[in-house]
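Topology and contacts: notes
What follows is the residue order along each chain.
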Amino acid sequence: MQRWIVVGVVAVMLAIGGGGFAYWTYKQNRPAPIWVPLPINSEVSDEKRAEIAKELKEKLQKPEILIPLSKELDLAKRWNLASPEEAAAEIRKRLFVDLGTADSPMGRVPSINIGVRGPRKETDISGKIALRLMQDVWKMLGIKPPAEKPF
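Presented here is a report on the structure given in the accompanying data block. Only a predicted model underlies this, so the values are computations on that prediction, with no experimental measurement involved.

Concerning the environment of Lys 144
With respect to the helices and strands, the residue Lys 144 is situated in the segment after helix H6 (123-141). With 24 residues separating them along the chain, Lys 144 and Arg 120 place their C-alpha atoms 31 Å apart.

Written as structure tokens, this is what we have:
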């Protein structure tokens, strides 16, 4: 009888441990978008902000921007892909440019959020991609980058 109790306790412990591991794995693979807000003058109309966001997304999806980014961050190796071109295609799928709001010293202001959608376990890579994309956005818009790191 005692053997069956021990076997039952071990089975319950394994079930709880397996369930915990499955839940942890599930949480690690959930989406976790990372973005960097680009504050916009609040006097700019919503239509103009939407137009700017659309143009930025079109420019950021070009291979001449994404391929050097994938080479610089070595994304092909990190994502187990064959080439930087495939990594650039993956970035193109994950890239988003949305309208939103950002906190500033003057309060909440409209912004254009430029970022990457990826699983939670890749938040560090997604953050690096988003920051690197912002450098390209600053060049496109002719804005001088901030003297200090945004984070």
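Having seen the model, we can carry on.
What about the pattern of salt bridges?
Under the definition given, this model contains nine salt bridges. The salt bridge involving Arg 94 is made with Glu 90; its shortest N-O contact spans 3.0 Å. Taken together, the positions of Arg 94 and Glu 90, both in helix H5 (residues 84-94) and four residues apart, correspond to about one turn of that helix. Residue class for Glu 90 comes out partly exposed when judged on its relative accessible area of 22%. Through salt bridges with shared partners, one network takes in Glu 90, Lys 93, Arg 94 and Glu 122.

What about the pairing of strand E2 (residues 95-104)?
Judged from the ten bridges that link them, E2 and strand E3 (residues 107-116) form a sheet pairing that is antiparallel. Looking across to E3, one finds that Asp 98 is bridged to Asn 113. Once E2 ends, the chain turns through two residues before running back antiparallel as E3.

A word on the packing of aromatic side chains
Going through the model one piece at a time under the given rule, you end up with one aromatic pair. Lying over the aromatic face of Trp 79, Arg 94 brings its terminal NZ or CZ to 4.4 Å of the ring centre.

Quick word on the nonpolar core
Grouped together as the largest cluster of nonpolar side chains are 29 residues, with contacts concentrated most on Leu 60, Leu 75, Ile 114, Ile 129 and Leu 133. Residue assignment for this core shows that the elements contributing at least two residues are strand E1 (34-39), helix H2 (46-60), helix H3 (63-72), helix H4 (75-78), H5, E2, E3 and H6. The element that contributes the greatest number of residues to this core is H6, accounting for seven residues. Excluding anything up to four places from it in sequence, Leu 60 contacts Ile 65, Leu 66, Leu 95, Val 97, Ile 114, Leu 133, Asp 136, Val 137 and Met 140.

Here we look at unusual backbone geometry
Of note, the phi angle at Asp 74 is positive, near 55°, even though the residue is not glycine. Mapped onto the elements of the fold, Asp 74 is located in the loop between H3 and H4. Its relative accessible area of 38% is what places Asp 74 among the partly exposed residues. At Asn 80, a position not held by glycine, the phi torsion is positive, near 55°.

Here we look at the side chain of Gln 28
In this structure, Gln 28 sits in helix H1 (residues 2-28). Relative accessible area serves as the criterion here: at 18%, Gln 28 is assigned to the buried category. With sequence-adjacent residues up to four places away left out, Gln 28 is seen in contact with Pro 119, Arg 120 and Lys 121.

Looking at H3
Three or more residues of H3 are buried, namely Ile 65, Leu 66, Ile 67, Leu 69 and Ser 70. If you follow the buried residues of H3, they end up packed against H2, H4, H5 and H6. One or two positions beyond H3, positive phi appears at Asp 74, with a value near 55°.

Focus: the side chain of Asp 136
Take Asp 136: it is sitting in helix H6. By relative accessible area, which is 10% here, Asp 136 ends up buried. A distance of 2.7 Å separates a polar atom in the side chain of Asp 136 from a polar atom in the side chain of Arg 132. With residues up to four places along the chain from it excluded, the contact list for Asp 136 reads Leu 60 and Ile 65.

Thresholds, definitions, all that
- Per-chain numbering applies: the sequence of each chain, read as written, is numbered from 1 onward.
- Local features are withheld for residues below a pLDDT of 70 in this predicted model, meaning they are given only at 70 or higher, and side-chain atom pairs are given and counted only at 80 or more; totals for whole chains, interfaces and linings count all residues.
- Only hydrogens and water are set aside when side-chain values are computed; all heavy atoms of the structure are taken into account.
- In this text, helices come from DSSP runs of H or I with a minimum length of four residues, and strands from runs of E with a minimum of two, each type numbered from the N-terminal end.
- Note on definitions: salt bridges are taken to be side-chain nitrogens of Lys or Arg within 4 Å of carboxyl oxygens of Asp or Glu.
- Under the scheme applied here, a residue whose accessible area is under 20% of the maximum for its type counts as buried, over 50% as exposed, and between as partly exposed, the area being computed with a 1.4 Å probe on protein chains only.
- At least two bridges found by DSSP between two strands is the condition for calling them paired.
- The rule is short: rings of Phe, Tyr and Trp, with Trp giving its six-membered ring, pair when the centres are within 6.5 Å, and they are stacked under 30 degrees, edge-to-face over 60, tilted in between.
- A ring is considered to have a charge above it if a Lys NZ or an Arg CZ atom is located within 6 Å of its centre and within 35 degrees of its normal.
- Residue types Ala, Val, Leu, Ile, Met, Phe, Trp, Tyr and Cys, when buried and joined through side-chain atoms within 4.5 Å, form a set referred to as a nonpolar core.
- Residues are treated as being in contact if the distance between any of their heavy atoms lies within 4.5 Å.
- Polar contacts, as counted here, are pairs of nitrogen or oxygen atoms within 3.5 Å of one another; within protein the pair requires one atom able to donate a hydrogen and one able to accept it, and residues that are adjacent in sequence qualify only if both atoms are side-chain atoms.

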